[in-house]
Amino acid sequence: MDIIREISIHAKENPSRIAFHFRSGSITYGELWEKSGRLAAWISKQSLAKGQPIPVYGHKNIYMWTAFIACVRAGHAYVPMDTNMPAERIRDIACTVNSPLIFATEPLNILDTTEVIDLLRIKDILQNEPALVNDTLRNKKNDTHYIIFTSGSTGKPKGVMITTGSLENYLDWSVTLINRKAGVFLNQAPFSFDLSVMDTYTGLATGSTIWSVDHDLLRDMKMLINYMKEGKINYFVSTPSFADLCLSSDLFCESTLEELNTFLFCGETLTVPTARKLRERFPEARIINTYGPTETTVCVTSTEITDKMLSEGQNLPVGKAKPGTYIYAVAENEERLPAGVEGELIIAGNTTAAGYYKNDTQTLKRFFTNSERLKSYRTGDFGYVNEDGMVYYKCRMDNQIKFHGYRIELGDIENNLQALNGISNAAVFPELKDGAIHSLAAYIVQNNDDTSYARRKFIRDELRKKLPSYMVPKKINFMSEFPMTLNGKIDRKRLKETVNAAVC
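What you are looking at is a predicted structure, and each value in this text was computed from that prediction instead of being measured. (Residues numbered from 1 in each chain as written. Predicted model: local features only at pLDDT ≥ 70, side-chain atom pairs only at ≥ 80, totals over all residues. Heavy atoms only, no water.)

Novice: Is there a simple way to explain the nonpolar core in this structure?
Specialist: The tendency in soluble globular proteins is for nonpolar side chains to be buried side by side. One finds I43, F103, Y201, L204 and L417 to be the most contacted residues of the largest nonpolar core, which totals 93 residues. Here this core gets 10 residues from one element, more than from any other, and that element is helix α3 (residues 62–73). F242, I287, M309 and Y384 belong to the second-largest nonpolar core, a separate cluster that totals 35 residues. (Core = buried A, V, L, I, M, F, W, Y, C linked by side-chain atoms within 4.5 Å. Buried < 20%, exposed > 50% of the residue type's maximum accessible area, 1.4 Å probe, protein only. Helix = DSSP H or I, 4+ residues; strand = E, 2+ residues; numbered from the N terminus.)

Given below as structure tokens:
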């Protein structure tokens, strides 16, 4: 699939069809093509190195996607940065990307060394740029299409480089999940989170409308569901935890959302209780479970959840691998394991990322070419593959989790905790409820005796300056010391006994 060509076809054949709807405004396919072409023409005239990634900052508005498509049409990757990111994380990403310019669709006043193209200037370019871009400049198959930064164990984010070819191989398959039928996609995830690729690009590939939810809507469940009803949503793309949030309202049901016919889940574990509730509320809707890390382009497996699956146990399958992808489990010595035997899941195939941006150490650690000469990724996920190819995910093998769909390195939080004044050591664990992560708990050793509420508040407030809100632990627990192993490291197994539930 040539995604830019597909967008151009939709713009030509259905120019007045809404491509993106936000509460702040909508943009049609015709407008998206024309505006992105003018902005791309302006980008092509700037003194940028070939393929230089360009950050795009903002939240849910028409200018975000105008800039994304413009970057690609001008031969550059885009780097989405959402307004919910703390200032320090935005600075880290901007410093790593080192772009001479950044598009800011909302106010951004924290960067001193980079030219910020603000919304007023973007609008001026869109109005006065005389010509559309020469589309021969646009990204080729092996060029980086976008870079999404994920949590890193060192406390610094890692930029996953997805090529245009990987994205298009993914889209060849993702459109089949909805039988290539145009409709209305719910976009809940921020554009800096790779789950949004599933709804936005699958929507664009099929000429659909993407109905986008902003941060403020999440604070009012009745308003949110009425907004979904107004949009006549067909495809509900989200994490299971967002579905649980919606299920807290009795309005979230088939009689309210009559056009909703498909649930597409990714980003975290879909539990049996959540799937059962959805089946009760939406008896005619399909529930599709998927699995895959950012490093393999959103997701690489799928299965429709059946009543039989719901009756068989507590671990739902995550599906069979898409065409062009191969998944198998390996032992600690990297020897391939027989079907049904648990080990680390390896994903190989045509949607594997190019690696981490300017991070060769982590790229070499995670990416490799397997014996079939396929680009492969060590997931760090513990699971197995049945003889019929069905994949089952069990848990993380390392200090990484998925929470509210976001991938989090617990070491990222721990390093930022240890950088705070007065904290000598820290460990963070997830707490489970009904088989899913419910919250995060931090265990802290201090060099002072202050365990007051004010101290806990101070720690959380300081973390919020460095980390997204979903990475700030709900519970802060103080300890006089940590149990240690013989080699002088934190004995996480013993410490974890104080947490309500184990990770696996």
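Novice: Explanation requested: the sheet that holds strand β26 (residues 475–479) in the structure shown.
Specialist: Hydrogen bonds between backbone atoms are what pair the strands of a sheet, whose relative direction is either parallel or antiparallel. One open sheet accounts for three strands, arranged β24-β25-β26; its pairing is mixed. The open sheet is flanked by β24 (423–433) and β26, the only strands paired with a single partner. Adjacent strand axes in the sheet meet at a mean angle of 25°, parallel and antiparallel pairs treated alike. Sheet topology note: the β24/strand β25 (residues 436–446) ladder contains 10 bridges and is antiparallel. Bridge assignment links I423 to a residue of β25, and that residue is Q446. Sheet strands in contact with helix α13 (residues 410–418) are β24 and β25, and its direction is about 145° off that of β24. (Pairing = 2+ DSSP bridges. Axes fitted to C-alpha atoms, helices over the stretch in contact; angles between N-to-C directions. Contact = heavy atoms within 4.5 Å.)

Novice: Quick question: what am I supposed to make of the state of the cysteines here?
Specialist: Note: disulfide means a covalent bond formed between the sulfur atoms of two cysteine side chains. Summed over the entire model, instances satisfying the criterion amount to zero disulfides. Here C71 is not disulfide-linked; the sulfur of C95 is the nearest cysteine sulfur, at 19 Å. Left unpaired, C246 is separated from the closest cysteine sulfur, that of C253, by 12 Å. Overall, the relative accessible area of 0% leaves C246 in the buried class. (Disulfide = S-S within 2.5 Å.)

Novice: Help me understand empty space enclosed by the protein, please; the structure alone is not making it clear to me.
Specialist: To find leftover empty space, a probe the size of one water molecule is rolled over the atoms. Summed over all chains, the structure comprises three cavities of 30 Å³ or more. A volume near 300 Å³ is recorded for the largest cavity. Taken together, 25 residues make up the lining of the largest cavity; nearest its centre are F149, T150, S192, Y406 and Y470. Looking at the lining of the largest cavity, the elements with two or more residues in it are β7 (144–150) and β23 (406–409). At three residues, β7 tops the list of elements feeding residues into the lining of the largest cavity. Broken down by class, the residue content of the lining of the largest cavity amounts to 13 nonpolar, eight polar and four charged. Size it by volume and the second largest cavity reaches roughly 40 Å³. (1 Å grid on protein atoms, 1.4 Å probe; cavity = no way out; pocket = protein on both sides within 12 Å on 5 of 7 lines; lining within 4 Å. Points joined across faces, edges and corners; volume = space filled by probe spheres on them. Nonpolar A, V, L, I, M, F, W, Y, C, P; charged D, E, K, R; others polar.)

Novice: Sorry if this is basic, but what is going on with the pattern of salt bridges here?
Specialist: For side chains of opposite charge, pairing can occur when their charged atoms come near one another. One pass over the structure, following the stated rule, counts 21 salt bridges. For the salt bridge of D92 with K156, the shortest nitrogen-to-oxygen distance reads 3.2 Å. On the criterion of sequence distance, the pair formed by D92 in helix α4 (residues 87–97) and K156 in the loop between β7 and β8 (158–163) is long-range, its members being 64 residues apart. Accessibility expressed as a relative area gives 43% for K156, which makes it partly exposed. Salt-bridge contacts for K475 lead to E431; the nearest nitrogen and oxygen are separated by 3.2 Å. (Salt bridge = Lys/Arg side-chain N within 4 Å of Asp/Glu carboxyl O.)

Novice: What should I look at first to understand the side chain of K60 in this one?
Specialist: The topology assignment puts K60 in the loop between β3 (51–58) and α3. For the buried K60, no salt bridge is present, and the opposite-charge side chain at shortest range is D82, 6.7 Å distant. Here the side chain of K60 touches N187 through a polar contact of 3.1 Å, side chain to side chain. Within the structure, K60 has its side chain in polar contact with the backbone oxygen of Q188 (distance 3.4 Å). (Lys, Arg positive; Asp, Glu negative; His and termini not counted. Polar contact = N/O pair within 3.5 Å; in protein donor to acceptor, adjacent residues only side chain to side chain.)

Novice: I keep staring at unusual backbone geometry and nothing clicks. Help me out?
Specialist: Negative phi is the rule for most residues except glycine; trans is the rule for most peptide bonds. Positive phi, close to 70°, is recorded for V298, a residue that is not glycine. On the secondary structure map, V298 appears in the loop between β13 (286–291) and β14 (301–304).

Novice: How should I be thinking about the environment of I347 in this particular structure?
Specialist: For I347, the location among the structural elements is in strand β17 (residues 343–349). I347 sits 42 residues away from G389 along the chain, and the two C-alpha atoms are 13 Å apart. Among all residues touching I347, those that are not within four sequence positions of it are Y291, P293, T296, V300, T325, Y326, I327, T352, K375, S376, Y377 and T379.

Novice: What is the right way to look at the packing of aromatic side chains in this model?
Specialist: Here a ring pair, both rings aromatic, is described through the centre-centre distance and the interplanar angle of the planes. Overall, the coordinates contain 28 aromatic pairs when judged by the stated rule. Aromatic side chains F236 and F242 sit 5.8 Å apart centroid to centroid with 20° between the ring planes, which places their arrangement in the stacked category. Of the residues examined, F236 reaches a relative accessible area of 0% and is grouped as buried. Judged by its relative accessible area of 5%, F242 falls in the buried class. Among the aromatic residues, ring-to-ring pairing joins F20, F22, W65, F68, Y78, Y146, F191 and Y201 into one connected group. The ring of F191 has K60 lying over it, and the distance from NZ or CZ to the ring centre is 5.4 Å. The lysine or arginine in question, R336, covers the ring of Y328, its NZ or CZ lying 3.9 Å from the ring centre. (Phe/Tyr/Trp six-rings, centres within 6.5 Å; stacked < 30°, edge-to-face > 60°. Lys NZ or Arg CZ within 6 Å of the ring centre and 35° of its normal.)

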